Amino acid sequence: WLESLGKNASMKLVTMGSPYSHIHRHYYPRSFPATGSMDLLKPESDGGLLDDWINIFRIDDFVGTFIDPAGQWPRERPVKANGHTMYWVDENVFPILKKFVS
């Protein structure tokens, strides 16, 4: 599918409540390396495919939180407490998504 995108294709990625760094990297470090070391997850400016990446997480999410503690890549957007589920219908998340995709 990557070849079908063409040379000038770029992608945006949204993750919400992602367990990438706190669960996946902890238990499966070889399968989930640091995001900056994977070409698919690097920003275009570093030779990757992603034009932008935002990680939205709730401050009380028990499954997924921030991916990069420095907030450099991906851009981290914490929102009000409300657990791990129903991000798509959260009134605090929707405006972030709308701005990101527009």
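We now turn to the structure provided with this report. (Residues numbered from 1 in each chain as written. Predicted model: local features only at pLDDT ≥ 70, side-chain atom pairs only at ≥ 80, totals over all residues. Heavy atoms only, no water.)

For the rest of this paragraph, the subject is the overall build of the protein. Scanning the protein for helices and strands turns up 3 helices and 3 strands. Order of helices (α) and strands (β) in the protein, N terminus to C terminus: α-β-α-β-β-α. In terms of C-alpha radius of gyration, the protein reaches 14 Å, essentially the compact-globule figure of 13 Å for 102 residues. In terms of principal-axis extent, the alpha carbons of the protein reach across some 40 × 35 × 25 Å. Here the protein holds 102 residues, and 35% of them are scored as buried. Carbon and sulfur atoms form 56% of the exposed surface of the protein, whose accessible area is close to 6900 Å². With 11 positive and 12 negative side-chain charges, the protein shows a separation of 2 Å between the mean positions of the two kinds. (Helix = DSSP H or I, 4+ residues; strand = E, 2+ residues; numbered from the N terminus. Rg over C-alpha atoms; globule rule 2.2 N^0.38 Å. Buried < 20%, exposed > 50% of the residue type's maximum accessible area, 1.4 Å probe, protein only. Areas by Shrake-Rupley, 256 points an atom, 1.4 Å probe, with all protein chains shown as cover. Lys, Arg positive; Asp, Glu negative; His and termini not counted. Charge placed at Lys NZ, Arg CZ, Asp CG, Glu CD.)

Below, the discussion takes up the pattern of salt bridges. Any two side chains of opposite charge can pair, given that their charged atoms come close. Taken as a whole and judged by the stated rule, the model has 2 salt bridges. We note a salt bridge from Arg 75 to Asp 52, for which the minimum N-O separation is 2.8 Å. In this pair, Arg 75 sits in strand β3 (residues 75–79) while Asp 52 sits in strand β2 (residues 50–58), placing the two residues 23 residues apart along the sequence. Among the residues examined, Asp 52 registers a relative accessible area of 15% and is labelled buried. (Salt bridge = Lys/Arg side-chain N within 4 Å of Asp/Glu carboxyl O.)

Listed as buried for helix α3 (residues 94–101) are Ile 96, Leu 97 and Phe 100. Buried residues of α3 fall within an arc of 95° about the axis and therefore sit on the same side. Those residues of α3 that are exposed and angled more than 90 degrees off the buried face are Phe 94, Lys 98 and Lys 99. Against the buried residues of α3 lie β1 (11–16), β2 and β3. (Arc of directions from axis to C-beta. Contact = heavy atoms within 4.5 Å.)

Examined bridge by bridge, β1 and β2 share 6 bridges and lie parallel to one another. Counted as the bridge partner of Met 11 is Leu 50 from β2. Once the chain exits β1 it traverses helix α2 (residues 20–27) before rejoining the sheet at β2, and the crossover so formed is right-handed. (Pairing = 2+ DSSP bridges. Right-handed = clockwise from strand over helix to strand, strands pointing away.)

A cluster of nonpolar side chains, contributed by Met 86, Trp 88 and Val 89, occupies part of the molecular surface with about 410 Å² of accessible area. Looking at the secondary structure, you find Val 89 in the loop between β3 and α3. When its relative accessible area of 60% is taken as the criterion, Val 89 is described as exposed. (Patch = residues over 30% accessible without salt bridge, like charges linked within 9 Å, V, L, I, M, F, W, Y side chains within 5 Å.)

Turning next to the sheet that holds β1. Ordered in space as β1-β2-β3, the 3 strands form an open sheet in which the pairing is parallel. For this open sheet the edge positions go to β1 and β3, each flanked by a neighbour on one side alone. Sheet twist, expressed as the average angle between the axes of neighbouring strands with direction ignored, equals 20°. Note that β2 and β3 share 5 bridges and pair parallel. (Axes fitted to C-alpha atoms, helices over the stretch in contact; angles between N-to-C directions.)

Don't take any of this as a statement about function, it's just geometry.
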